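As a plain string of letters, each chain reads:
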Amino acid sequence: MKSTTKTLALVTAALALFAIAAASSFLLSPKLFANNLSKSVLAQTPDPATAARIARVENGLLPAVVIKGQPPQAMNIADRMAHHKVPGVSVAFFDHGQIVWARGYGFADVAAKTPVTPDTLFQAASISKPVAALAALRLVQDGKLSLDEDVNVKLKTWKVPENAFTTKEKVTLRRLVSHSGGLTVHGFPGYASDEPLPTVVQILNGEKPANTEPIRVDVVPGTLWRYSGGGYVVMQTLLSDVTGKPFPQIMRELVLGPAGMTHSTYEQPLPKNRVAESATPYRADGTPVKGGAHTYPEMAPAGLWTTPSDLGRVAMEVQSEYQGKSTKILSQDMARQMLTKQIGTWGLGFGLDSTDGKLSFGHGGANEGFRCNLHAYADSGQGLAVMTNSDSGGELAEEVFRSVAKEYGWPDYKPVEHTLIKINPATFATYPGTYEIEGVGKLTITLKSASLYVQAEPLGPEPIELLPESPTNFFVLSGDLTFTFQKDAQGAITGLTLHAGPQTFEAKKVF
């Protein structure tokens, strides 16, 4: 499976183009990382067999890309945290209704040298969405909402503005949670500690002090999958209007409590008496996010504070309900609807995939200073949650997932294999130049020491080497990105095609 984190990254052209975290200097040395990691905290003392598996995972992190005939060199988590400039990581592996192991690495706060433990709170960012969707589906199950009714029927404090796009097709709950409601606003930056907080209605209308555009329908509902955090703000409003309760209370009563997510809350900002439990967020250069964690009044799409173990607990509850073994939140029928594709690869809240006939569900998340990912299998009962307190934590999380996938025999998260060939450097003479993807940005291709390099701001300050598979096809080692150069009838380079995972972009040579 192409991880849900990457799938979400690819929904916007800029992130799809540059799905690689970049950073410069960092505050911690590899030695300091290693010293702290040797004292990393386990939720419980594992049996010898489990301890051996944990050790193999910790020392078996795998790259995104491997070269055919060159076995990848396994990497350990201490070195990779230093490489990616990630202060802290928390991991929980679950199987058949049990958290098999959970472990924290590095620092929740660098200055205070507070270690990450399995109980350290992180912002779940967009993983908030499928957890929130569970509450909406529970209200459908209880007859208080309908999946296919116009949400304006039960919205009270605000209505979706009608326009030409909503004449025949309406915004429904099904469309909101499957990102097909036609609504705008992809995501939210949150609010720094010294910024005023808007009301939810101000966010919906894009009125100051809201820092995002109005949430409006600009595509006929039901006709297009387009990731919309804005749609989940509408859902948040709908749930509060129907129940008459604050959103954090709804989530605690309908989902967090029943799932056993005892450490989790949707309260925004995090209550002061719980701040000590939370991780400090950091930028990709190692500096803390100014003022600490941002506040997200957009609770349903971005507001969950939680731990990997609690994410494992809610995923395990969904697995049990899907298999007809539990009804704490949803019936088996509703759980199966949740994990049924609605449009594209999306269910009712979760991203879905199937590899070798094994249905999996998951979601990634990216808030200011936090990156995380959750992935679980519907039938086998296994899954993994990884949370980090850094803007550069996404790629590290992927490496952890690949290590776990190898250790436990998962069909997904396998490195992409490429064949490297030797080419006469003279072939590259006309390749250098500036290439532009309309509406996205520019890339610069240079020739240095007989090799081609690509450079663009989102890739970081240093050029990245392009490795040839053929005279026109190239790949990089840092991610699932490939480049195909285009020639005209005279053999001159006119542009390139960039493949970023499942996405394709055309770049014209402009200089």
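Above this text you will find the structure in question.
Along each chain, numbering runs from 1 in the same order as the chain's sequence is written. This being a predicted model, a pLDDT of at least 70 is required before a residue's local features are given, and a value of 80 or more before pairs of side-chain atoms are given or counted; all residues contribute to the totals for chains, interfaces and linings. With hydrogens and water stripped out, all remaining heavy atoms of the structure feed into the side-chain values.

S.K.: Honestly, the overall build of the protein chain in this entry has me stumped. Any pointers?
M.R.: When you go through the protein chain residue by residue, the secondary structure sums to 14 helices and 20 strands. In this description the radius of gyration comes from C-alpha coordinates, and the expected globular size is given by 2.2 Å times residues to the power 0.38. Relative to the 2.2 N^0.38 estimate, which gives 24 Å for 511 residues, the radius of gyration of the protein chain is 23 Å and therefore close to what a compact globule would have. For the C-alpha atoms alone, the extent of the protein chain along its principal axes is close to 70 × 60 × 50 Å. Throughout, exposure labels follow a simple rule: accessible area from a 1.4 Å probe, protein chains only, divided by the maximum for the residue type, with under 20% read as buried, over 50% as exposed, and the rest as partly exposed. Per-residue burial for the protein chain yields a buried fraction of 56% across its 511 residues. The contact criterion used is simple: two residues touch if any of their non-hydrogen atoms lie within 4.5 Å. Sequence-distant contacts in the protein chain: of pairs separated by 6 or more residues, those separated by 24 or more amount to 65%. The protein chains shown are the only cover counted for residues, whose accessible areas, like all others here, come from Shrake-Rupley with a 1.4 Å probe. Accessible area for the protein chain stands at about 20,400 Å²; split by element, carbon and sulfur atoms hold 52% of it. Under the counting rule used here, the positive set is Lys and Arg, the negative set is Asp and Glu, and His together with the chain ends is not counted. The location of each charge is read from NZ of Lys, CZ of Arg, CG of Asp or CD of Glu. Charged side chains of the protein chain number 46 positive and 47 negative; the gap between the two group centres comes to 2 Å. Helix and strand definitions follow DSSP, with helices as H or I runs of at least four residues and strands as E runs of at least two, each counted in order from the N terminus.

S.K.: Before we go on, may I ask you to explain the pattern of salt bridges in this structure?
M.R.: One side chain can pair with another of opposite charge once the charged atoms of both are near each other. Each salt bridge in this description consists of a side-chain nitrogen of Lys or Arg and a carboxyl oxygen of Asp or Glu lying within 4 Å of one another. Scanning the model with the defined rule gives 16 salt bridges in all. Of the charged contacts, one joins Arg 103 and Glu 58 as a salt bridge, the two residues approaching to 2.8 Å between their closest N and O atoms. Of this pair, Arg 103 sits in strand E4 (residues 98-109) while Glu 58 sits in helix H4 (residues 48-58), placing them 45 residues apart in sequence. There is no split in this pair, since Arg 103 and Glu 58 are both buried. Ionic pairing is found between Glu 368 and Arg 283, a salt bridge with its closest N-O pair at 2.7 Å. Residue Glu 368 is found in the loop between strand E9 (358-367) and strand E10 (370-377), and its partner Arg 283 is found in the loop between helix H10 (247-259) and helix H11 (299-302); the two are separated by 85 residues along the sequence. Here Glu 368 falls in the partly exposed class, since its relative accessible area comes to 23%. Taken together, the salt bridges that share partners define one network made up of Arg 283, Glu 368, Arg 371 and Asp 391.

S.K.: Whenever I open this one, the packing of helix H6 (residues 128-141) against H10 confuses me. Can you help?
M.R.: Describing two packed helices takes the angle between their axes plus the distance from one axis to the other. Here an axis means a line fitted to C-alpha atoms, over the contact stretch when the element is a helix, while the angle between two N-to-C directions is reported on a 0 to 180 degree scale. Between H6 and H10, the shortest axis-to-axis distance is 9 Å and the interhelical angle comes to 80 degrees. Taken as axis vectors, H6 and H10 run roughly perpendicular relative to one another. From H6, Val 131, Ala 132, Leu 134, Ala 135, Arg 138 and Leu 139 reach across to H10, where they touch Phe 247, Ile 250, Met 251, Leu 254, Val 255 and Leu 256. Considering only residue class, the contact of H6 with H10 consists of 11 nonpolar, no polar and one charged. Under this scheme an angle from 65 to 115 degrees is roughly perpendicular, one under 35 degrees roughly parallel, and one over 145 degrees roughly antiparallel; angles in between are oblique. Put simply, Ala, Val, Leu, Ile, Met, Phe, Trp, Tyr, Cys and Pro go in the nonpolar bin, Asp, Glu, Lys and Arg in the charged bin, and everything else, Gly too, in the polar bin.

S.K.: Explain the packing of H6 against helix H9 (residues 229-243) here, please?
M.R.: One can describe the packing of H6 onto H9 by two numbers: an axis separation of 11 Å at closest approach and a directional angle of 40 degrees. The two elements H6 and H9 meet at a crossing, and its hand is left-handed. Residues Lys 129, Ala 132, Ala 133, Ala 135, Ala 136 and Leu 139 of H6 lie in contact with H9, whose contacting residues are Gly 229, Tyr 232, Met 235, Leu 239 and Thr 243. Partitioned by chemical class, the residues of the contact of H6 with H9 number eight nonpolar, two polar and one charged. It is the rotation of the near helix from the far one that decides the hand of a crossing: anticlockwise by less than a right angle makes it left-handed, clockwise makes it right-handed.

S.K.: Help me understand the nonpolar core, please; the structure alone is not making it clear to me.
M.R.: One broad rule of soluble globular proteins: the nonpolar side chains tend to lie buried together. Residue types Ala, Val, Leu, Ile, Met, Phe, Trp, Tyr and Cys, when buried and joined through side-chain atoms within 4.5 Å, form a set referred to as a nonpolar core. Formed by 83 residues in total, the largest nonpolar core has its most connected members in Val 234, Met 235 and Leu 339. With near-sequence residues (within four places) excluded, Met 235 lies in contact with Ala 132, Ala 133, Ala 136, Leu 173, Leu 176, Val 177 and Ala 300. Counting residues in hydrophobic clusters, the runner-up holds 24 residues, among them Val 89, Val 91, Val 404 and Trp 410.

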